[in-house]
Amino acid sequence: QGVCCYDGKGFTSLTLDSGTDQWRNLALAIHQDRQGGLWFVTFRGDLKRYDGQEVVTLHQGEGRRGHLHTARAVVEDPQGRLWFATSDLGLRCWDHGTLRTYTTADGLVADDVRTLGLDRQGQVWIVTGTGGVSRWDGQQFHTVTTGEGLGFAPGRVVLEDRQGRIWFATDGAGVSCWDGERFTRYTMAEGLVYDRVFAMMEDERGRLWLGTQGGGVSLFDGQVFQTLSTQDGLVNDVVQEILRTRQGKIWIATEGGITRYTPSTQAPGVRIKQIPVDHADPSGDRISVSSAQTQVSFEFQGRSFTSRPDRLVYRYMLEGHDVEWRVTRDNRAEYLNLPLGKYTFQVQAVDPDLNYSAPSSVRLEVVPDPKMEAFKEEANRLGAKGEFVGDSPAVKAVMEELRDVAVSDLTVLILGETGTGKGLAAQYVHSKSPRQSGPVITVNCGAIAQGLEESSLFGHEKGAFTGAVYQKIGWVGMAQGGTLFLDEVGELPPLVQVKLLRLLQEHEYERLGGSEVLVSNARIIAATNRDLEAMVREGTFRPDLYFRLNAYPVRLPPLRERKEDLPRLAAYFMKPVAAHLGKKIEPLSPKILKLLDAYHWPGNVRELQHVVERAVTACKGPEIQVGDIALGGSVKAEGDPHSQSGNDRVYLMEEIERRHIREVLKEVGWVIRGERGAAALLGLPESSLRDRMKRLGISRPGKATGG
């Protein structure tokens, strides 16, 4: 039924065609030229112009589904030419009375043109349904991207922002941004409310308003996505168009009607509520945390007079750890295994209008744990760090090999059974090498989550995959100037083997999702307990990578080949545990040493360590008894009814922790809370102590856990 004009008071109708064919009166596109004339494209494909007096048909369409009927975006270039999209005939241009057609034969990327845009240089941007994007520079067409750049979804809107970047809204693949060199795509994974985007507008603050087909409106300022929907008063979440008036009001056209919206400029507030850590000593705005605390959590809460708390988004950063700000909708941020050092945590609340609060901050210092430091000092006092304990011929030969190769920069492959000390050998090579002042990064290749091997080793760029919200350096980058120790290297998948080969050959790598070639200055030491030669024959390990890794192989002897070292090894493992527990333990008796010597030690030195440390923990007096020794099923203590099998082994640190907590609880009569309770003596919050008691199975005799 034609078009309507609203003058602020009422509507005036304009009939485009006085004939009986209603389809010629159905307007799909409207454009005002520089002379003030209005141009319309109808469903029949007619091209009409209204000069304020009458409607003139300049071109008559070819049928009901005329080739101009998809022209929802009409643009006018600096020369006064009008450009129209068509569904299958390519691009049409009204050039001062002549209608011209451009197709793939003229350099257009595809003929199914969906929408058009015009940048400040007067260039026309043409988005097609499947082919990608072309750019008309006034003389010829240039292909900007094929379909991959837009995520294989037809484009709907083109917009140039204040920075000169070109944005493309798509029907199912979010929005893509062209910065002059590459595309960056934003989807629901990055915070966009819905991936079908049919409208796009930039406001005076440079924020993008993205109208979606079912999710309402997403606002984006380059850092944070926020959402306006029916929950905020929008009449319908299916959005067709967004416009901003000179007065700053936003008009949003939806399937359910039109909403006029006035953004708020009042910033929210935020405060840090709680830092729930086990060892924290608040002092003003500074928190000291023990390195024994593996998890540090920050809880925060925003407040706003214009938005509900659940509509706020948070932007946070831990300076000294994060390379850029992170975004979350939760009220909590967690960090695991923070290294020793000083940090500053900052958080901001962001309301639905992308108003930012002033940052709230707290300083954090991770300090050494006194108990663990004492344990380490005792262990270091009893033996040289990074050196093997023992003077057997087998150990002397290995130490000589490691010293010889340490001074070079050769790749070392350490071979040996589980528990023979491959990690210790790698540490020794690093400590004796010219790189000893640099970092040594240890990676257990078998413990990396499936699918994350490449990202973990080489890092990734922001947006490389779903969930990659910030850049990650990767272990190769962290080992710059030092040593990268790849334990269980035989567990790497084939694709990562290829990239590791390149790193060894050319010292180059790329982060996942990036194109920049990075140079590595890290020495590679690899280790495995698997037969790599057999894996090469089976086709599960690359032969060229095997030969590169095998530049200098070192085989570590199993414990059964160096049993003359048993007494010294046992004494080495006994002393730090005894000192930590405050016990005086006599040297092992000949009977115990004979028992250890008769065992075949399938777990090698690591198994011996666990057996000895468990015995020190379990013994009741100054001398370890036969009943305190828990070996595998093939060796039993003669005549001892309490002999244990391999299934009865316990983890050392848990046993030490369990015993220590029990002793403290007994001292205070199993009182947990209060100044003289066990929690205070242990330096733990009451809730944390109860959690540990539950985990370790500690309960007061005759009562439930927690007491």
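An account of the accompanying structure is given in this report.

Okay, the sheet that holds strand β21 (residues 217-220) next. Across the sheet, four strands lie side by side as β19-β20-β21-β22; this open sheet has antiparallel pairing. Two strands lie at the open edges of the sheet, namely β19 (197-202) and β22 (225-228), each paired on one side alone. For this sheet, the mean inter-axis angle between neighbouring strands, taken without regard to orientation, is 25 degrees. Summarising the sheet, strand β20 (residues 208-212) and β21 pair through four bridges and their orientation is antiparallel. Residue pairing for β21: G211 is matched across the bridge by V217.

What follows covers the pairing of strand β29 (residues 313-319). Buried residues dominate β29, accounting for six of its seven residues. Taken together, the seven bridges between β29 and strand β32 (residues 341-350) define a ladder with antiparallel strand orientation. Paired with E319 across the bridge in β32 is T344. Here β29 runs beside strand β30 (residues 326-328); their pairing, made up of three bridges, is antiparallel. Paired with R315 across the two strands is V327, which belongs to β30. Linking two consecutive strands that pair antiparallel, namely β29 and β30, is a turn of six residues; a positive phi of about 100 degrees is found at G320 within it.

Formed by 29 residues in total, the largest nonpolar core has its most connected members in V443, L484, L486 and L500. Those elements that provide at least two residues to this core are β35 (440-444), α4 (453-458), β36 (483-487), α6 (494-506), β39 (523-528), α7 (532-538) and α8 (543-549). In terms of residue count, the dominant contributor to this core is α6 (five residues). Other than its neighbours up to four places away in sequence, L484 contacts I441, V443, W475, V476, A479, R523, I524 and I525.

Analysis parameters
- Residues numbered from 1 in each chain as written.
- Predicted model: local features only at pLDDT ≥ 70, side-chain atom pairs only at ≥ 80, totals over all residues.
- Heavy atoms only, no water.
- Pairing = 2+ DSSP bridges.
- Helix = DSSP H or I, 4+ residues; strand = E, 2+ residues; numbered from the N terminus.
- Axes fitted to C-alpha atoms, helices over the stretch in contact; angles between N-to-C directions.
- Buried < 20%, exposed > 50% of the residue type's maximum accessible area, 1.4 Å probe, protein only.
- Core = buried A, V, L, I, M, F, W, Y, C linked by side-chain atoms within 4.5 Å.
- Contact = heavy atoms within 4.5 Å.

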